[in-house]
Amino acid sequence: ESWHFKLDKVMANASQEQVFEACAADVVRSVMDGYNGTIMAYGQTGAGKTHSMTGGHVGFADRGIVPRSISQMYAEAGARPEKNITIRLSYVEIY
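Residues numbered from 1 in each chain as written. Predicted model: local features only at pLDDT ≥ 70, side-chain atom pairs only at ≥ 80, totals over all residues. Heavy atoms only, no water.

Side note on the packing of helix α1 (residues 16–23) against helix α2 (residues 25–32)
- Contact geometry for α1 and α2: axes closest at 4 Å, N-to-C directions at 50 degrees. With respect to their mutual orientation, α1 and α2 come out oblique. Of the residues in α2, those in contact with Phe20, Glu21 and Cys23 of α1 are Ala25, Val27 and Val28.
- Split into classes, the residues belonging to the contact of α1 with α2 amount to five nonpolar, no polar and one charged. (Axes fitted to C-alpha atoms, helices over the stretch in contact; angles between N-to-C directions. Helix = DSSP H or I, 4+ residues; strand = E, 2+ residues; numbered from the N terminus. Parallel < 35°, antiparallel > 145°, perpendicular 65-115°, else oblique. Contact = heavy atoms within 4.5 Å. Nonpolar A, V, L, I, M, F, W, Y, C, P; charged D, E, K, R; others polar.)

This is how it looks when you write it as structure tokens:
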């Protein structure tokens, strides 16, 4: 039996910044333009989903997708002083 999967990208040994840029930055930019956005991590136990989403505890460069998204949203909101922007964020982790 053979299995075939279509993937957008395989990221081996990627930094948190590379993961954010490849997987989330465009979603955050679209959200700031008024679209709804969802970033979902799915996979096997121990694959690194929580680490990718929240980051590690080593330092600032080890931030994950969630803190990087929040930083980008507030930076973009600050760059648009003429707009009244409300930011709402939900984070759910299901085991």
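Some words on the packing of aromatic side chains
- As enumerated under the stated definition, the model contains one aromatic pair in all.
- Ring geometry for Trp3 against Phe5: centres 6.4 Å apart, planes inclined by 5 degrees, an arrangement best described as stacked. Accessibility classification places Trp3 together with Phe5 in one group, the exposed group.
- The cationic tip of Arg63 hangs over the ring face of Phe60; the distance from NZ or CZ to the ring centre is 3.8 Å. (Phe/Tyr/Trp six-rings, centres within 6.5 Å; stacked < 30°, edge-to-face > 60°. Buried < 20%, exposed > 50% of the residue type's maximum accessible area, 1.4 Å probe, protein only. Lys NZ or Arg CZ within 6 Å of the ring centre and 35° of its normal.)

Observations concerning the pattern of salt bridges
- Tallying each qualifying case throughout the model produces three salt bridges.
- With a shortest N-O distance of 3.0 Å, Glu76 and Arg80 are connected by a salt bridge. Both residues of the pair, Glu76 and Arg80, belong to the buried class.
- When salt bridges that share partners are traced, they join Asp33, Glu76 and Arg80 into one network. (Salt bridge = Lys/Arg side-chain N within 4 Å of Asp/Glu carboxyl O.)

These figures capture arrangement, not role.
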